[in-house]
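Listed below, chain by chain, are the residues.
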Amino acid sequence: MQAYVRGDPSALRFYSGSFRDLSAYQARVRETEARFDRAGRERAAQAIRAPTESARANLTRFVDEGGFFVTTGQQPGLFTGPLYSLYKSLTTVRLAQELQSALNRPVAPLFWVASEDHDWAEVDHTFVLDRENELREIRVPPRDEDEPAWPIHRIALGDGIAAVVEAFAELLPDTDFSAAYVDLLRASYRASSTLASGFSSVLESLIGPLGMLFVDADDPVVKEASLPALSREMEEAEAHERLLQERAQELEESGFHVQVPILPGGVNLFLEGPAGRERLYRDDGGYHLRHSEHRLTKESILAQAQRNPGDLSPNVLLRPVVEGTLFPVLSYVGGPGEIAYYAQMSGIFQAHGVGMPVIHPRFSVTLVEPKIRKVISKFEMEIPNLSRPFHELASEFARHEEPKEVRQALGEIRGGLAQGSKKLLKAASEVDPTLKGPVTHAHNAAFAAFEEAERKILQGVKRQNEIALSQLAKAQVHLYPNGMPQERILNVFYYLTRFGEALLPALLDRFRVDLGTEG
């Protein structure tokens, strides 16, 4: 929600304060401290993985010195998915560092791996630039369409993943850094791995050295500890639906978009049933699952959850609430869509007795390699212009390169045609008013003929500048692949194999967090 990022008061009222205002974080310290003592922090630490020495130091300080978290989270995309997953992580690390300094209390970065997600098609692929600067898609072997939609943490990748890793590796630049990263992928993505475990393994290796801690949504400790919040949601589902509907109406009346539709009867929970992970709906005093239409009672759902806590899970609007009940969270780092749906959630946070964290936008980055910078400088082009369709860029370039003499001659011809046609039309109309049509037709035909002549001239200019245009096309696929911002499409391993382990710390050093008072 851009209005929130700008600091618009009309948007800020839907959140827990501005991410630029230190007092908003201080208020979160007071709220979370009232709910978490040392024993609560020790329980929270049991669910957390600290993969490196710096991460372990963060976790120890969190428990011993009464610390807090800045969190972020993501669906586990193949080979870490798009670049923005790394940018969310780096933003979280930087914000935690700045808050720790400003508050003089331990603040650690924590990544929530959304391993319970079941939308296989969103996470089973990634895009990378190959050695010829072509955009290539890599996808894991497809699943049977008739298979239940199980959470991704339950789906082993199988023997076929080895070929996928090797195909991906063949596309990466061959540099001094390549072998280590390919070995990391091979070790992380084995037949017994899941998309979730592979994602966690790679991210721990890349971001763990910066102090990042990790927690999996399907971790048994998390599932056991979240049962009270999930059970409460079952008990109060109808009331919470009304809260969400009221907030959605407030947002729309204020001119804002509702990111997550509030569906009648929808419970903010998923249950694993005959068709996999399915959304729960209320009806006629009972419940049913969205796809299988399997009917259940509240008692049977809660009994299943008691037997198998992993079978019951929160939806997108309840997950942050569950996170807030388990961990003392000061801030959540999110992308544009996440910022928008947090605006819907203050009521449900309050209903669960949890304060809403301060929402901090992730940093948005465009990586411009020297070879690409050289091209856009040559064309004197601003990076956002490359988001336009290539045929528009090529036409604009051709017009710019069109010889001055051609432009001048065509201008003179068009001016002469316009002036001569006007005189002819007047003179012919005095002879016979019906001659207006043939003269106008001749005027239009002449103009069309010279338009076609110029089109062919521009085609010639393009042919004459094929190398330059191919360079422009290369720049576009690097910066706006498939017409989308680079960070939403490309995989980080292209850049890691080009620039090595120094890349992520270098990005972190460029990120700046403003915690000053707004004014």
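Look a little higher up for the structure.
On to the environment of Val513, then. Locating Val513 in the fold gives a position in the segment after helix H23 (503–510). When the C-alpha atoms of Val513 and Glu98 are compared, they prove to be 7.1 Å apart, with 415 residues separating the residues in sequence. Those residues in contact with Val513 that sit more than four places away from it in its chain are Arg94, Leu95, Glu98, His360 and Phe363.

Right, let's get into unusual backbone geometry. The residue Asn104 is not glycine, and still its phi comes out positive at about 60°. Topologically, Asn104 is positioned in the loop between helix H6 (84–103) and strand S2 (107–113). We classify Asn104 as exposed; its relative accessible area is 68%. Its identity is not glycine, yet Asn482 carries a phi of approximately 55°, on the positive side. Here Asn482 lies in the loop between helix H21 (466–479) and helix H22 (493–499). Owing to a relative accessible area of 54%, Asn482 belongs among the exposed residues under this scheme.

Below, the discussion takes up the nonpolar core. Residues Leu280, Phe327 and Phe493 are the most contacted members of the largest nonpolar core, which totals 137 residues. Sorting elements by how many residues they give to this core places H6 first, with eight residues. Filtering out sequence-adjacent residues up to four positions away, Phe493 remains in contact with Phe79, Thr80, Phe168, Leu172, Tyr181, Leu184, Leu185 and Val202. Phe379, Leu386, Ala475 and Leu479 belong to the second-largest nonpolar core, a separate cluster that totals 14 residues.

Reading guide: rules and limits
Residues numbered from 1 in each chain as written. Predicted model: local features only at pLDDT ≥ 70, side-chain atom pairs only at ≥ 80, totals over all residues. Heavy atoms only, no water. Helix = DSSP H or I, 4+ residues; strand = E, 2+ residues; numbered from the N terminus. Contact = heavy atoms within 4.5 Å. Buried < 20%, exposed > 50% of the residue type's maximum accessible area, 1.4 Å probe, protein only. Core = buried A, V, L, I, M, F, W, Y, C linked by side-chain atoms within 4.5 Å.

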